[in-house]
Structure formats: structure tokens, C-alpha cells
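Spelled out from the first residue to the last, the chains are:
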Protein chains: 4
Amino acid sequence: MGTKPYKRWQGRLHEIIYEADTPAGKLFDVVLLIVIIASILLVMLESVKSIDAQYHMFLDISEWIITILFTIEYILRIVTVKKPLKYITSFYGIIDLLSTLPKYLSLIFAGTHALVALRALRLLRVFRILKLARFMGASNHLATAIKASRAKISVFLFAVIIVATIFGTIMYLVEGEASGFNNIPRSIYWSIVTLTTVGYGDIAPVTPLGQFIASIIMVLGYGIIAVPTGIVSAEYTRKMNSDDVNNKPVVNAVPPHPSDVDLNSLSCSNCLAQDHKDKAKYCHKCGHSLEFEPSK
Amino acid sequence: MGTKPYKRWQGRLHEIIYEADTPAGKLFDVVLLIVIIASILLVMLESVKSIDAQYHMFLDISEWIITILFTIEYILRIVTVKKPLKYITSFYGIIDLLSTLPKYLSLIFAGTHALVALRALRLLRVFRILKLARFMGASNHLATAIKASRAKISVFLFAVIIVATIFGTIMYLVEGEASGFNNIPRSIYWSIVTLTTVGYGDIAPVTPLGQFIASIIMVLGYGIIAVPTGIVSAEYTRKMNSDDVNNKPVVNAVPPHPSDVDLNSLSCSNCLAQDHKDKAKYCHKCGHSLEFEPSK
Amino acid sequence: MGTKPYKRWQGRLHEIIYEADTPAGKLFDVVLLIVIIASILLVMLESVKSIDAQYHMFLDISEWIITILFTIEYILRIVTVKKPLKYITSFYGIIDLLSTLPKYLSLIFAGTHALVALRALRLLRVFRILKLARFMGASNHLATAIKASRAKISVFLFAVIIVATIFGTIMYLVEGEASGFNNIPRSIYWSIVTLTTVGYGDIAPVTPLGQFIASIIMVLGYGIIAVPTGIVSAEYTRKMNSDDVNNKPVVNAVPPHPSDVDLNSLSCSNCLAQDHKDKAKYCHKCGHSLEFEPSK
Amino acid sequence: MGTKPYKRWQGRLHEIIYEADTPAGKLFDVVLLIVIIASILLVMLESVKSIDAQYHMFLDISEWIITILFTIEYILRIVTVKKPLKYITSFYGIIDLLSTLPKYLSLIFAGTHALVALRALRLLRVFRILKLARFMGASNHLATAIKASRAKISVFLFAVIIVATIFGTIMYLVEGEASGFNNIPRSIYWSIVTLTTVGYGDIAPVTPLGQFIASIIMVLGYGIIAVPTGIVSAEYTRKMNSDDVNNKPVVNAVPPHPSDVDLNSLSCSNCLAQDHKDKAKYCHKCGHSLEFEPSK
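Residues numbered from 1 in each chain as written. Chains lettered and ligands numbered in written order. Predicted model: local features only at pLDDT ≥ 70, side-chain atom pairs only at ≥ 80, totals over all residues. Heavy atoms only, no water.

**Here we look at the overall build of chain A**
Okay, step 1: A tally of regular secondary structure across chain A gives 12 helices and 0 strands.
Okay, step 2: For chain A, the succession of helices and strands along the chain, N to C, is α-α-α-α-α-α-α-α-α-α-α-α.
Okay, step 3: The buried share among the 296 residues of chain A stands at 49%.
Okay, step 4: For chain A, contacts bridging at least 24 residues in sequence account for 58% of all contacts bridging at least 6.
Okay, step 5: Accessible surface computed for chain A: about 13,900 Å², of which carbon and sulfur atoms make up 69%. (Helix = DSSP H or I, 4+ residues; strand = E, 2+ residues; numbered from the N terminus. Buried < 20%, exposed > 50% of the residue type's maximum accessible area, 1.4 Å probe, protein only. Contact = heavy atoms within 4.5 Å. Areas by Shrake-Rupley, 256 points an atom, 1.4 Å probe, with all protein chains shown as cover.)

**Re the interface of chain D and chain A**
Okay, step 1: Counting residues at the interface gives 50 residues for chain D and 48 residues for chain A.
Okay, step 2: Between chain D and chain A, roughly 4,100 Å² of surface is buried when both sides are summed, and carbon and sulfur atoms account for 75% of that area.
Okay, step 3: If you sort the residues of chain D by the area they bury against chain A, Y189, Y200 and M240 of chain D come out on top, with a joint share of 16%.
Okay, step 4: Across the contact surface, chain D and chain A share 1 salt bridge. (Buried area = accessible area lost by both parts, 1.4 Å probe. Salt bridge = Lys/Arg side-chain N within 4 Å of Asp/Glu carboxyl O.)

**Focus: the pattern of salt bridges**
Okay, step 1: For the structure shown, the criterion picks out 16 salt bridges over all chains.
Okay, step 2: With its nearest N and O atoms 2.4 Å apart, the salt bridge here joins E177 of chain B to K49 of chain A. With E177 of chain B in the loop between helix 8 (138-175) and helix 9 (184-195) and K49 of chain A in helix 3 (residues 49-80), this pair bridges two chains.
Okay, step 3: The salt bridge involving R77 of chain C is made with D96 of chain C; its shortest N-O contact spans 3.7 Å. You can see R77 of chain C sitting in helix 3 (residues 49-80) and its partner D96 of chain C sitting in helix 5 (residues 91-108), a full 19 residues away along the chain. D96 of chain C carries the same exposure label as R77 of chain C, and that label is buried.

**Observations concerning helix 1 (residues 8-18) of chain A**
Okay, step 1: If you check which residues of helix 1 of chain A are buried, you get Q10, G11, H14, I17 and Y18 of chain A. Projection of helix 1 of chain A onto a plane perpendicular to its axis shows the buried side chains occupying an angular sector of 135°, all on one side. (Arc of directions from axis to C-beta.)

**Describing the relation of the copies chain D and chain A**
Each copy of the chain is related to the other by a rotation around an axis and a translation along that axis.
Okay, step 1: With an RMSD of 0.1 Å, the operation that places chain D on chain A is a rotation of 90° combined with a shift of 0.0 Å along the axis. Put plainly, the chains are arranged around a four-fold axis. (Least-squares fit on C-alpha atoms with pLDDT ≥ 70 in both.)

**Topic: the interface of chain B and chain A**
Okay, step 1: Chain B puts 48 residues into the contact, and the matching count from chain A is 49 residues.
Okay, step 2: For the pairing of chain B and chain A, the buried interface totals around 4,100 Å² over both sides, and the portion due to carbon and sulfur atoms is 75%.
Okay, step 3: Here chain B is connected to chain A by 1 salt bridge.
Okay, step 4: Taken together, the connections running from chain B to chain A amount to 5 residue pairs in polar contact (both at pLDDT 80 or more).
Okay, step 5: Mapped by element, the contributors of at least two residues to the side of chain B that touches chain A are helix 8, helix 9, helix 10 (208-224) and helix 11 (226-247) of chain B.
Okay, step 6: Here the side of chain B that touches chain A is composed, by residue class, of 27 nonpolar, 17 polar and 4 charged. (Polar contact = N/O pair within 3.5 Å; in protein donor to acceptor, adjacent residues only side chain to side chain. Nonpolar A, V, L, I, M, F, W, Y, C, P; charged D, E, K, R; others polar.)

**Digging into the environment of I78 of chain A**
Okay, step 1: Tracing the chain through its elements places I78 of chain A in helix 3.
Okay, step 2: Using a relative accessible area of 15% as the deciding quantity, one classes I78 of chain A as buried.

**Thoughts on the UniProt feature "transmembrane region" (unreviewed entry) in chain A**
Residue and element names in this part refer to chain A.
Okay, step 1: When the UniProt feature table is mapped onto this chain, "transmembrane region" (unreviewed entry) is found at residues 27-45, 57-76, 155-174 and 212-232.
Okay, step 2: Structurally, residues 27-45 comprises 100% helix and 0% strand, and the distance from its first C-alpha atom to its last is 27 Å.
Okay, step 3: Structurally, residues 212-232 comprises 95% helix and 0% strand, and the distance from its first C-alpha atom to its last is 32 Å. (UniProt positions renumbered as here; feature names shortened; annotations may be inferred.)

**Structural notes on helix 9 (residues 150-175) of chain A**
Okay, step 1: Taking 1.5 Å of rise per residue, the 26 residues of helix 9 of chain A would be expected to cover 38 Å, and the 36 Å separating its terminal C-alpha atoms lies within 8% of that figure.
Okay, step 2: Positive backbone phi, approximately 75°, marks G176 of chain A, located one or two places after helix 9 of chain A. (Expected span 1.5 Å × (residues − 1).)

**Some words on the packing of aromatic side chains**
Okay, step 1: Scanning the entire structure with this criterion turns up 20 aromatic pairs over all chains.
Okay, step 2: With a centroid separation of 6.4 Å and an interplanar angle of 20°, the aromatic rings of Y200 of chain C and W190 of chain D are classed as stacked. Highlighted residues: Y200 of chain C in the loop between helix 10 (184-195) and helix 11 (208-224) and W190 of chain D in helix 10 (residues 184-195), drawn from two different chains. For the residue pair Y200 of chain C and W190 of chain D, the accessibility class agrees, reading buried in each case.
Okay, step 3: An aromatic cluster is defined as three or more aromatic residues linked by ring pairs; in this entry it consists of F181 and W190 of chain A together with Y200 of chain D. (Phe/Tyr/Trp six-rings, centres within 6.5 Å; stacked < 30°, edge-to-face > 60°.)

**A word on the side chain of E73 of chain D**
Residue and element names in this part refer to chain D.
Okay, step 1: Residue position: E73 is located in helix 3 (residues 49-80).
Okay, step 2: Note on E73: relative accessible area 7%, which makes it buried.
Okay, step 3: Once residues lying within four places of it in the same chain are set aside, the contact partners of E73 are F28, L32 and R125.

**So, the environment of N182 of chain D**
Okay, step 1: Structurally, the position occupied by N182 of chain D is in the loop between helix 9 (150-175) and helix 10.
Okay, step 2: Its relative accessible area of 31% is what places N182 of chain D among the partly exposed residues.
Okay, step 3: Separated by 38 residues in the primary sequence, N182 of chain D and L220 of chain D have C-alpha atoms spaced 24 Å apart.
Okay, step 4: Setting aside anything within four residues of it in sequence, one finds N182 of chain D in contact with S47 of chain C together with Y172 and E177 of chain D.

**With respect to the packing of helix 9 of chain D against helix 10 of chain D**
All names here are of chain D.
Okay, step 1: In the contact formed by helix 9 and helix 10, the axes pass within 7 Å of each other and the chain directions differ by 120°. By the angle between their axes, helix 9 is oblique relative to helix 10. In this structure, helix 9 crosses over helix 10, and the sense of that crossing is right-handed. Every residue of helix 10 that contacts helix 9 at V160, V163, A164, T165, F167, G168, T169, M171 and Y172 is listed here: I184, S187, I188, W190, S191, I192 and L195.
Okay, step 2: Across the contact of helix 9 with helix 10, the residue classes break down as 11 nonpolar, 5 polar and no charged. (Axes fitted to C-alpha atoms, helices over the stretch in contact; angles between N-to-C directions. Parallel < 35°, antiparallel > 145°, perpendicular 65-115°, else oblique. Left-handed = near helix turned anticlockwise from the far one by under 90°.)

**Focus: the environment of F109 of chain A**
Okay, step 1: Residue position: F109 of chain A is located in the loop between helix 5 (91-108) and helix 6 (113-120).
Okay, step 2: Given a relative accessible area of 46%, F109 of chain A falls into the partly exposed group.

**Details of the packing of helix 1 (residues 8-18) of chain C against helix 2 (residues 23-47) of chain C**
Residues and elements named next belong to chain C.
Okay, step 1: Across the interface, helix 1 lies against helix 2 with an axial gap of 6 Å and an inter-helix angle of 50°. Between helix 1 and helix 2, the angle is such that the two are oblique. Between helix 1, through E15, I16 and I17, and helix 2, the contact on the second element is made entirely by A24, G25, F28 and D29.
Okay, step 2: Classifying every residue of the contact of helix 1 with helix 2 by side-chain character gives 4 nonpolar, 1 polar and 2 charged.

**Quick word on the side chain of T165 of chain B**
Okay, step 1: Here T165 of chain B lies in helix 8.
Okay, step 2: A residue is classified by how much of its surface remains accessible, and T165 of chain B, at 8% relative accessible area, is buried.

**Observations regarding a nonpolar patch on the surface**
Residues and elements named next belong to chain A.
Okay, step 1: A surface patch of nonpolar side chains, amounting to about 660 Å² of accessible area, comprises M57, I61, I65, I68, L69, I72 and Y104.
Okay, step 2: Among the elements that line the nonpolar patch, the one with the most residues is helix 3, at 6 residues.
Okay, step 3: Among the secondary structure elements, L69 is positioned in helix 3. (Patch = residues over 30% accessible without salt bridge, like charges linked within 9 Å, V, L, I, M, F, W, Y side chains within 5 Å.)

**Describing the confidence of the model for chain A**
Residues and elements named next belong to chain A.
Okay, step 1: Per-residue pLDDT for chain A has a mean of 75; in total, 71% of the residues score no lower than 70.
Okay, step 2: The element-level mean pLDDT for chain A is lowest in helix 7 (residues 130-133), coming to 53, with helix 10 (residues 184-195) highest at 92.
Okay, step 3: Across residues 247-263, confidence stays below pLDDT 50; counting only partners more than four residues off in sequence or on other chains, it has 29 contacts.
Okay, step 4: Note on residues 292-296: pLDDT is under 50 here. Beyond four places in sequence and across chains, it has 7 contacts.
Okay, step 5: Scored as a whole, the predicted complex attains pTM 0.78, and scored at its interfaces, ipTM 0.75. (pLDDT = per-residue confidence, 0-100.)

What follows is the structure, given as C-alpha cells:
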């Protein structure tokens, strides 16, 4: 499994399987997406007892078909990449392997609950689609806005946790076990349910003092909800203004923010690195050429 | 029902029924709006058993009056349009027909539940009013902001669905049936209830681990709620800035965004196309004159 | 009760009672505010049975003191205004009168429930304080942002009602009475509870299809919540930008928005009109001088 | 405990304990943070009965270790500050003392509930970490945005309280005790639960009229939620724009907002005052030099 001479067909298949810039590559991604979604729907349907009882045969066969498709894909991915070991040990490599295993393992261990968990891992394969989503253009904005606000959102989450802990402890002392505030972790859970305005009502204050403190938490949560929204809004507004400015010649133009450059869906055939700039010719990680050069 | 010579009275009636730019046309729309709302209120009231028991006679007669009014309107719409078949097979044509049918059908099939569903379709007629709402000016802004953010909102919704599916599956494995997480679809339903901060509490985690994971989902939902708001906020801010800029002469003016032009309520008397620009003289779809030209 | 010659002491008292620009006027408003809040707290405490049982005597005496204070204030307001009838028939005049009545009426009709409702009307007196709040400066911004967004928010609310009605009807047909969706109005109530992400859980879908449709409503509500926030955010950003611009000399200054001018707390001693501009010398409604001119 | 001659080692230790600008000072803060978090986790775990029963010995010993560490820290803080009395009577001085007491007191009063409350006060020590958080840079933004919006948020909260009170009273009159609206304070609690979109569902309207009014409150809450978000968004956008402008030379530059200056983590060794500007050489409160000058 070392680095054997890289064949022309391997390069072609690599382009189809790992990239989404050619029609064949896009088609592969779309088909893969459909199979992944089908596999997820299967796991869902099997978890519904009435459906599983009635259509067990159909679900079982479908599951085998998908398992075989995933196995073929996994083998192709190993074959077409220059450093197979790197792929196999990568995050997606492990997910791809685990996605094929459950049905094979079910032959050995009959119907274990843990296998359902393993099959659920296929969900993570969906993130491959985000490669496609990037072509919708908008996700770049989204990712940029979130990335730029990351530090602020961390501080914010940190503040939420402190507030939830303080109020959780207070409510534990005020309400006590009678109202369902059995212990501090549970009270903190209640605080978060309230601060985030989810409000299940499985635990709710019953004493007047508890309800008064709860009201404070709610109004506080009401004010706090403004913070992440404000952050993202401002980030978006900045992003848009700079877009507007970049699209037309103006006097006092603001230079593009470093995070605003467009990336493509190419993944290096050598080291699998992604997020190359649109005009990049060499991998930003290993320096390998990104253009398709068949080994003559 | 072919294209017979278009009479002067047809043109006049067309102007009244299909447009809202003349006093008579506006009056027609307002009256129609009142009748539609009355018809919806009737369906609502009839669904309340105690009211239906007491005022059955009154509700029945009112229903007949509205059905007859709708029938007359439907006939007039067919008569005044140049290509009746086009209207009949259009979305609103079908809705208008279905709005008149339930009462007639109730003579044949006594009191079927399905007829209520049919009558509920009248709700869709309300969208005709949006033609009026456009005159409030503000809806243009609203529609523009939503349209401009459509791609971003799609990506966002897609992300919400993935997150809900992943956490739904995790909670199904963690909590199990004892807490009401019977199957994966139901767990996903719970995830969405939590992510959107609705929080009915019909299903709620009871194990400490489940409550911990739920807390993560809630705080995540708290952060996620920021995204669509940020998108729309930024879109609005951009829109407003460009409005401010357009209203007064400035040095580095930004040209109006293509989606910011004003549309009127005219609908072509030939092909029923709408959304004509305020100064348009010919239908943008079929080229037919939009100005009222009586066939001499 | 015609227009008798306006005395000097009347002018002085008018300044104290109706305005908040002099120290005495401010003091009067603050004392009034405290009495109003005390009166509201009294109504609240009396509604709690355990408290009412224990402190009935104290609550009763306090209520009499407040009633007498309100009566004196009411008489002074009549005496110091130039056109008493105008005050008596004004919104605040009626509220002020109704605030004094309940205790007197309780002597005739012993302990009626309706009198509690009447006393609750005192809550509306609180809005007099907003005159004070205006001095906090910030409320001007708030009111401006809301006023400027009024049209947009109307269109938005209209859209929310239509969406709630459509989904309410659908859920009534899908879920039926077994799940608590007894009739369409109740289903619409549920729709609004869900759309606004309140989610009591008193009514919740139980069928898989119902839960699926509910999920759509929730995600929709999630997206819709973005709209009013976006509107107000943009409005605030515009307001702030124009503030920034007005505070320093710049090249391409944007003229102040018409709604951004500062208003004072004066109310005309002739016609009670408010919202005069800071530099106004004559009432914008009746032309009466706003400056204190004692009738020599 | 007067002002004895300040020794070199005291200055060094002061730098480590009270500041976070040197590597040793940062390390001290990080270790302190870990110990504080550990102490909080201990309180939480002890509140869970099943855990306390099984690991009582371990929790007890850990609690003693933390108590001793806090005691040492408290003594060091007293020793290294120039005016110990000032520290002892300061907010953090009292919190630090109270954090060490519970375990000692438990030797005298065996297992009182009140001691849990006392231990919970340790939570407040977490705010010391915010000194660290400041280095994450983002918290400055956050604090600035909140501070700048403080006045507006007050007015907003004031409005929320009035709305909650009015609707709470209305619902008390409309729904009455049968639905759980026992008294006005409880109804106001319900109003806040609804306005903030928390919606526990422990109290919910059951009469049609009550549900109709509740719907109005919800939609209102939906609109109101927009206000704090709008305020913070606008504040952030302003902050960001001014950042963008400050980072590059432009023609019509906006001067930095007074609240945008950077503060450091130094605390004066004389009076403990904090929030000194980055370039400050003397304490802004007592004029004492902020630079480390060992008393030769």
C-alpha cells in the first residue's frame, strides 16, 4: 500500500470521486448524496417498530444494497488516492469504513443495539455534501460570518454557562426537591432550558419566590438572545458592505477582508487537503500540483 | 370558449376585477377581501361544535350566500378575460373554482369531513389580497429582503435539518423509549422542537446524560437562531442604506439594486401575467398592451 | 366650567402637574409614579388570597389613602387646566376618574369582581411615566425605531396571521380532536403558540404526520422570527449612522431623518396637546403660547 | 494591619496574584481558575444524592484540599496588598473569605443546608476569570456593546414589565383560578413566561377568550424580541464600522467612540482599582504608580 506509480485512470477517477468541478464529479456527488440520504432514511424507518414489522424484508435488502454500494465506493477511494494510508486514517476515511461495517457485523452479532449507533454514523457522511453546498455560494458567507464571530460567540457561551450555573444553584436552594429541582446539575439544566427560551415545563418553579427569580432569568435570557444575533448581524452587514464596495469603483474603498476570498472544491490528490483558493495551482499544504497531470 | 372579439364592457369589468389601480378596482378588491375573510370565519365557526349546534341555520344560510357570491365572481372572471381557458387552468382559477364547489357538493355527499378540507382551500384566496398589501409599500421591502436572502436561508435550513437529524439519532440512542424517544423520526421531531426553542415538553429528556446533550442542543439553537436574523438584518440594512443614498444626491452613490424597482398591481388582460413595472406599457410576457384600449 | 380667567396660581400648578421640566414638576411626577406603583402593588397583593386574609385591614386603609390622593390629584388637574371639559373627556381624564372610583363604588356594591377590573385600569396611568422616561433619551430612539418600522411590522403581522390560519386549519384536519385540536380557532391558537416559539405543550401533535407538519411550522417560525428583528436592527443602524454623521462635520452628510428631532415634555395649557419640539414657542395644535405667561 | 514598608517579595507576589500580564501571573490565574471550577463541580456533585452516597469520602477530602488552597490564597492576597483592610472589605475580599469558611463552619454546625448556599457563593469567584477573558479581546466588544445599549435596554425592560403587568391583570380577570391564574403576581409570571417565548405550559389559558388574548401577547412578544436584538445589532455594526475605519487611512474618518479604548488587566497595588488604560502609568483612582517599583 505504498506510493505505487499513479496511473492515468486513477487520476480520472480521483477527479470524479474527490472533486466536484467536472460534470462527472458533480454527478458522482449527487448520486452519492442520494445514496447517503437513502441510507439515513433506512436507519430511521427501521427504528419505527410498526414499519420495521411490516417491511422488514424490504428494509433488509435495501440495507444490503447500500452496504455494497458503500463498500465499492470505499475501495475506489482507496485505489484512486496517491497515499491510501493517509485517506484510511483520515476522519472521512474512518467514517466511510464504519459506514460499511454494520451490516457485515450483523451477520456475526445478531441485531445488537450498538450496530444502530454505528449505522447512525453514516449521518456524518452527509457533510461531504457541504462540498456541493459551497457551490450555492451562500454557505461561504455563512461560514465566514460564523468564523469571524467565533471568539465573540465563545465569550458569550462562557457567559451563558456562568449565568446558568449561578441561577441554577440559586433555584436549587430556593425551590428544592419538591418542585423537581432535585440537585444542582438538574437545576442548571432547567436554567439553560429557561435562558434559551425553550421552556419544556418538565421542571417549573412553584413557589412565588422561585417564580420571581425565574422571571428575572427569562427577561435576562430575552436580553441575552440579542447578543449572538447582534454579532452575526453586524458581521453580515460588514460582509455585505464590503461586497457592495468591491463590486463597484469607489473613492474610499475598503480592501476585502482576508476571510472573503472564494475557495473551490478541489482536494489535493496527494494529501487530500481542501479549501484551495480558486486560482491556486499548487496544494497549500504539500505543494503538490493541483492541476491534473497524468504521469506520462 | 375561444378568443371571441373583446368587448368594451369586458375591458371595463376586467379593469375592475383584475386590477386595483382604479377606485372601482380597489373597491372590488376590498369587498372581495371582506367576503373571503367572512367565508374563512364561517369555516372556523362551524368547526366549533357548541357554536355550530346553536347557530346552524344562520351559518348554513351565510354559507349559501357566500357560495353564490363566489360563483358570480368566478363566472365574471371567466367572461372578462381574453383567454378564459388560461384563467381556468391557472392556480387562482382552480382555487376559485374549488372555493365555490363545497356547498354544491354537500347537497350530494351529506356532511363529509373532506368538504371541510375543500372549504379550507378558500384560505388560499386570501393571497389575492397581497395585491392590495403591495400598496402598503412595505411588503415590497419584505419580499425583497426574503428573496435576496433565499439562498442563504436554504443553506441554513439544510444545516438545521442535519443538526436535528444527528442530535435526534443521538438522543434516540441515549434516552430510549422510556422517555418518549420511541424512534428516530420522533427524536428528530423533538430535536426540531428544541432547536427552534419551541419546547412543548411533550417529550423531554429524563436521564442526566440526555439532559446534558439537550442543554448543548439548546445553546446551539440559541446560537443558530442568530443566523437567519443576521441575514435578514444585514439585507434590510443594505436596502435602507441604498434607499437613503438614492433619495439624495451624493458623491459615491451606489446604483439601485435590481430588485428594488417598484411594481404595480396590473395584470395583463391577455395572459394574466403580473408584476409589471410601474411604467411598463406592454406585458413583459406576451407583449400585449397593458393600457386600456377598447376595441373600436 | 367654561373658560374663566386663568389665574397665576393655576399657571404655576399647571406647570407642576402637567409638565416635567421644572424641579417641582419632576418631583410631582416622581411622587405620582410612586403612588401609582403602590396602587398597582396593592391590587396585586389583594389578589393573593393568603396575603389578603392576613393583612386585609392594612390593604384596605392603604387603598383608601391612595384613593384620596388620586381624588385630590384629579380635582387639581381639573382646576389648573384652561379647558376642564377637554381634560375630563380626554383619554387620561377618563382613566384618572376611573382610578378614583372603585373604592367609592365598593361602599355601594360590596366586593364585586368587576371593581377589581376597574382598579386594574390604574395600570394605564403608568403611561404618564413615559413622559419621564423620555428624559432618559433612549426611549426616543426606541419609539422612533418602532414608528419607522410600523408599516413593515403590520405587513409582517398580517403574514403571521395568514400562516397561522392556514397551518391551524391543516392541523385541525390532520390531527383532529383526539390530540386536542378540537376546532379551527383552537388549532390557530396552537399555530401561534408554535410559530412564536412559545410552545406551552398544552396542545401538541401526536400523529407522525402532525409532528412532521409541526416541524415545518417551527422551522418556518424560526425563519419568520428573523423578520421583525431584521427590520428593527436595520432601523436602529440607520438611526445610529445618522447620529454619528450629525455629531461631526463630514463631506457627504445625510440630513437628519424627520423622525429624529427631539421633543420635550410640555403639554399645552390650553388644549393639552403634547410632543412639542424643544424650541417650539406655540402649541402646534391650537397655537396657544407654550411659555408661561401669567394673566396680568 | 497598617501600611507597613512594602517589601520587594510583596511586589513580586502582588504582580503574580493580582495581575495577568506576566507568564507567572497568567499561570496563577489559570491554576486559580481550575481550582475554582473544581470547587464548583464539587458543590454540584455533592448535591446529587446518589453520587454523594457513593463517593462521600472522596468528595469530603477534595473539599478539604480546596478549602486549604483557598485559605492560602486568601492569606497571600492580604499579605501582598499595600492596604489589606481595603482588600478585606472589598467585594472580592468578602467573597474570597466566604469561600474558605463553609468547611470550617461544618466542623461546628454539622451539615446545615445554609452552608451549601455559602459554598455556592464560590461561583462568584469565577468572575475573576473575566480578567483572563479580557485577553480574548472579544469580551471587550461584548461589554462595550452592552454598556452602550444599557439605557435603551433599561427602557425596554421597563416596557416589558408594564406590558406583562397589564396583560397579567387582564388574564387574571379573564381566566380566573380554574386555569391556574390564581392571583395577579402569578398571572404576571405567566405573562413573562409567554412574552419571553419560554412557555413552560405549567399555566396555560383554557377559555377561548383567554387563548385569543394569549395569542396577542405571543405575537406582541414576537415583535418585542426584535427590540433588544436590534439595539445590540446596531451597536455592534457601529463598533465594527468604526473598527474598519480606524484600521486604514480614509478621508472622512470617524473618531473612535470613547468606549472603544483598550484596557489592561493591571490592578493598582495600592487601591486595587482596575480597568486602567493600556498606556496608563498611574492609577486613575489613587494616583499611585502602576509600574513595578521595588522600594529600594
